[in-house]
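Chain residues, written in single-letter form:
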Amino acid sequence: KILPLDMPLSIQIQVTNLCNFKCYYCITSQSLEKRREAGLLLQHMPLEDYLRCIDSIAKAGGVKVLNLVGWGEPLLHPDIVNMVQYAKKKLPYSLVRIVTNGSLLTHDLSDKLIEAGLDNLRVSVQGVSEQEYKDYSNIEIDFSGFLENLKYFYDHRKRSTISLKIMDVA
């Protein structure tokens, strides 16, 4: 009644449910069998399905925030740059955000995401050391390289922003 909206303020699209981490608190730490039993199709969202979703959102009047996120790592999707670019073309007034663990970020990918028009890169930080990443996410990470790639994105971001969220699951 106070703020009548034809569309939600925010929409989340799960572009993949595959992940390169195995965080103990997340379903991705479960075996493939258990995830299949839970009804998860282990795959990337087909690009055609994504395009239809964006077209539908645009036709309905748009959305304030589009989050590319889910029970997976969006940067694993081979079309993630095209997805951002298409969303910004069809939804020019929407904030397009990727929620990521950030471990797959490279200088090249940063440049491409920034050029595609990404508004916000939200990075879920699992710890402040290589050991904490191993403890929480069951992966080994080059922590100094990880930090350097985040700094590169920040230094080259143009109008994009970067935000960090610290996982609190202990």
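Before reading further, recall that the structure is shown in the block above.
Residues numbered from 1 in each chain as written. Predicted model: local features only at pLDDT ≥ 70, side-chain atom pairs only at ≥ 80, totals over all residues. Heavy atoms only, no water.

1. Overview of the environment of Leu47
Now for step 1: Within the secondary structure, Leu47 sits in helix H2 (residues 47–59).
Now for step 2: Taking the relative accessible area as the measure of exposure, Leu47 reaches 23% and is therefore partly exposed.
Now for step 3: Separated by 19 residues in sequence, Leu47 and Thr28 have C-alpha atoms that sit 22 Å apart.
Now for step 4: Those residues in contact with Leu47 that lie beyond four places of it in its chain are Asp79 and Met83. (Helix = DSSP H or I, 4+ residues; strand = E, 2+ residues; numbered from the N terminus. Buried < 20%, exposed > 50% of the residue type's maximum accessible area, 1.4 Å probe, protein only. Contact = heavy atoms within 4.5 Å.)

2. Examining the sheet that holds strand E1 (residues 10–14)
Hydrogen bonding along the main chain pairs the strands of a sheet, whether they run parallel or antiparallel.
Now for step 1: The 5 strands are arranged E1-E2-E3-E4-E5 in an open sheet whose pairing can be described as parallel. Among the strands making up the open sheet, the edge pair consists of E1 and strand E5 (161–166). Adjacent strand axes in the sheet meet at a mean angle of 20°, parallel and antiparallel pairs treated alike.
Now for step 2: Summarising the sheet, strand E3 (residues 95–100) and strand E4 (residues 120–125) pair through 4 bridges and their orientation is parallel. Among the inter-strand pairings, Arg97 is bridged to a residue of E4, identified as Asn120.
Now for step 3: Running over the sheet, H2 touches E1 and strand E2 (65–69) and is turned about 170° from E1. (Pairing = 2+ DSSP bridges. Axes fitted to C-alpha atoms, helices over the stretch in contact; angles between N-to-C directions.)

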